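A look at the structure
Listed here are the chains, written in short residue letters.
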Amino acid sequence: MTGVSPGATGTRGALAAPPARVLVVEDSAVVRTLLCRLIEQDPRLRLAGAVESAEEALAVLPRLKPDVISMDVHLPGMDGLVATREIMARQPTPIVIVSDAWSGGTAAKAGLTMEALRSGALTVIEKPRLSAIVAGDLARGFTTQLSIMSQVPVVRRRLAPPPSAVMGPTCALGGRPVRLLVMAASTGGPPAFERVLRALPADFPLPIVLVQHMGAPFLDGFASWLDGLVGLDVRLARPGDMPRPGLVLVAPGDGELRLGAGGVVRIDPVAPGARPGPCPSADLLFHSAVERFGASVMGVLLTGMGRDGASGLAAIHRAGGPTIAEDARTAVVFGMPRAAIEMNAASLVLPLDLIAGSLCATAGVPVPLAGAAVRSGLAEGSPL
């Protein structure tokens, strides 16, 4: 099957929103047929077209104007990552990288996913296999990702040299995967953290350190509450702790948490009212993390008042680390994320229920086809 395939003509009946129009870019005729069939069977989607090369995709894009693109990585001629950069520069469109390159090690996965995100893709998911046509849950997971991502607003990206030209050889990127995740929130943070962390697998490979603006006496209880809800171990950080995979360290409220030599936790006591701004400080944590880990740290800024965390997120972004700010549509208070976005500190701006999937992709963890939004209980048709 070459060229553009006609889209399905089915309707969604009583559903209010029109189906999202999908362009499939896949060089394998067998896989392309499978993906098209899965899309045509889902009432939330409509097949706008299917092509076998990036060059064809760029040619039909102005005419088809799809709502979301399913993009293979390994294509004849121009590869999927180069095509993604071209599309985001010419006609910004939500792009989901669909790859079967999960057989490599963690570094290879991290290299692929980080390049995909830097190129402008929203996420990377595993390519459905032929068995998905009869496995309803797997098939629906793939189409659910496309449906959700079609709703994410994207902006034009100025076409830049590929990451290998900016950051050194691709192998260098793959050899230095993300090693630490730092997160912060204020007003509305507890339920936001719960939704993101609950959607991560129990074997999520990155150590996590987070800041929640809350009175010091309540943070131990917050950590215990979160520990009882998510698959990872969560506890209040102590001086001398070493961040490790499977552990979420919560900054205490009576001191400033910084990461010292080797990443060891350091907590500097602060007397009440002794310094302006919130305590603990997201900016201090983020800045100390980037000083120790450079481009190997990832930062996430969720809902909250004020500007705490924006400067630190910008420092991570400048160092080359991936950064995410929560989208205004889901933030209870769009203060901290807005400040970061205004500073151009966010690599991605995502609704809350899409953040966990992006974290998994960046960490080199195969994203379950059901997606973070589905695993955390987002019902079909629910607002993001």
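Residues numbered from 1 in each chain as written. Predicted model: local features only at pLDDT ≥ 70, side-chain atom pairs only at ≥ 80, totals over all residues. Heavy atoms only, no water.

1. Some words on the sheet that holds strand 1 (residues 20–25)
Read from one edge to the other, the open sheet built from 5 strands follows the order 2-1-3-4-5, with strand pairing classed as parallel. Sheet topology places strand 2 (45–51) and strand 5 (123–126) at the edges, where each strand pairs with a single neighbour. Averaged over all adjacent pairs, the angle separating strand axes in this sheet is 25°, with direction ignored. Bridge analysis of strand 4 (residues 95–99) against strand 5 gives 4 bridges, and the strand direction is parallel. (Pairing = 2+ DSSP bridges. Helix = DSSP H or I, 4+ residues; strand = E, 2+ residues; numbered from the N terminus. Axes fitted to C-alpha atoms, helices over the stretch in contact; angles between N-to-C directions.)

2. Description of the pattern of salt bridges
Pairing between side chains becomes possible if they bear opposite charge and their charged atoms approach one another. Per the stated rule, a full pass over the model turns up 9 salt bridges. Between R90 and E86 there is a salt bridge whose closest N-O contact spans 3.3 Å. In this pair, R90 and E86 both sit in helix 3 (residues 80–90), 4 residues apart, roughly one turn of the helix. Classification of E86 as buried rests on a relative accessible area of 17%. R235 is the salt-bridge partner of D241, the closest N and O atoms lying 2.8 Å from each other. A residue is classified by how much of its surface remains accessible, and R235, at 25% relative accessible area, is partly exposed. (Salt bridge = Lys/Arg side-chain N within 4 Å of Asp/Glu carboxyl O. Buried < 20%, exposed > 50% of the residue type's maximum accessible area, 1.4 Å probe, protein only.)

3. Overview of the sheet that holds strand 13 (residues 323–326)
Strand order in the open sheet formed by 7 strands is 8-9-7-6-12-13-14, and the pairing between neighbours is parallel. Two strands lie at the open edges of the sheet, namely strand 8 (233–236) and strand 14 (348–350), each paired on one side alone. The sheet shows a mean angle of 20° between the axes of neighbouring strands, taken without regard to direction. Of the strand pairs in this sheet, strand 13 and strand 14 are connected by 3 bridges, and their pairing is parallel. Note on strand 14: the bridge partner recorded for A325 is V349. Contacts between helix 9 (residues 216–227) and the sheet are confined to strand 7 (208–212), strand 8 and strand 9 (247–250), with strand 8 contributing the most and set at about 175° to the helix. Sitting on the sheet, helix 10 (residues 282–293) touches strand 6 (180–185), strand 7 and strand 12 (297–301), and the angle it makes with strand 6 is about 165°. (Contact = heavy atoms within 4.5 Å.)

4. A short note on the nonpolar core
Nonpolar side chains tend to gather and get buried jointly when the protein is soluble and globular. Ranked by internal contacts, the top residues of the largest apolar core, which has 60 residues, are M183 and L359. Aside from chain neighbours lying at most four places away, what touches M183 is F193, V196, L197, I208, V209, L210, V211, F286, V300 and L302. L180, V211, L259 and A339 belong to the second-largest nonpolar core, a separate cluster that totals 30 residues. (Core = buried A, V, L, I, M, F, W, Y, C linked by side-chain atoms within 4.5 Å.)

5. Focus on the environment of A325
Positionally, A325 belongs in strand 13. Linking A325 and A339, residues 14 residues apart in sequence, is a C-alpha distance of 9.5 Å. A325 has contacts with L301, P337, I341, A346, L348, V349 and L350, leaving out every residue within four places of it along the chain.

6. Re unusual backbone geometry
Going from C279 to P280, the amide bond is cis rather than trans, its omega being 5°. Tracing the backbone through its elements, the reader meets P280 in the loop between strand 11 (265–269) and helix 10. Unusually for a residue other than glycine, K65 sits at a positive phi of about 45°. Inspection of the secondary structure puts K65 in the loop between helix 2 (54–64) and strand 3 (68–71). By relative accessible area, K65 is classed as exposed at 54%. Non-glycine residue N344 carries a positive phi angle of around 55°. Checked against the element boundaries, N344 lands in the loop between helix 12 (336–342) and strand 14. Accessibility expressed as a relative area gives 59% for N344, which makes it exposed.

7. Digging into helix 1 (residues 29–40)
Taking 1.5 Å per residue, 12 residues should reach 16 Å; helix 1 reaches 16 Å between its end C-alpha atoms and fits that length. What helix 1 keeps buried is the set V31, R32, L34, L35, C36, L38 and I39. (Expected span 1.5 Å × (residues − 1).)

8. Thoughts on helix 2
Considered for burial, the residues of helix 2 that qualify are A54, A57, L58, V60, L61 and L64. Packing partners of the buried residues in helix 2 comprise strand 1, strand 2, strand 3 and helix 3. Looking one or two residues beyond helix 2, the residue adopting positive phi is K65, at roughly 45°.

9. Brief notes about the confidence of the model for the protein chain
Considering every residue of the protein chain, the mean pLDDT works out to 80; 77% of them sit at 70 or more. Mean pLDDT across the secondary structure elements of the protein chain bottoms out at helix 7 (residues 170–175), with 29, and peaks at strand 9, with 98. When the criterion is pLDDT under 50, residues 160–176 qualifies, and its contacts beyond four places in sequence or with other chains add up to 17 contacts. Across residues 368–384, where pLDDT falls below 50, the model places 32 contacts with residues more than four positions away in sequence or in other chains. (pLDDT = per-residue confidence, 0-100.)

10. Thoughts on the pairing of strand 2
For strand 2, a buried count of 6 out of 7 residues is recorded, marking the element as mostly surrounded by other parts of the structure. Sheet topology note: the strand 1/strand 2 ladder contains 6 bridges and is parallel. Across the sheet, residue R21 finds its bridge partner in strand 2, namely R46. Viewed along the sheet, the connection from strand 1 through helix 1 into strand 2 turns out right-handed. (Right-handed = clockwise from strand over helix to strand, strands pointing away.)

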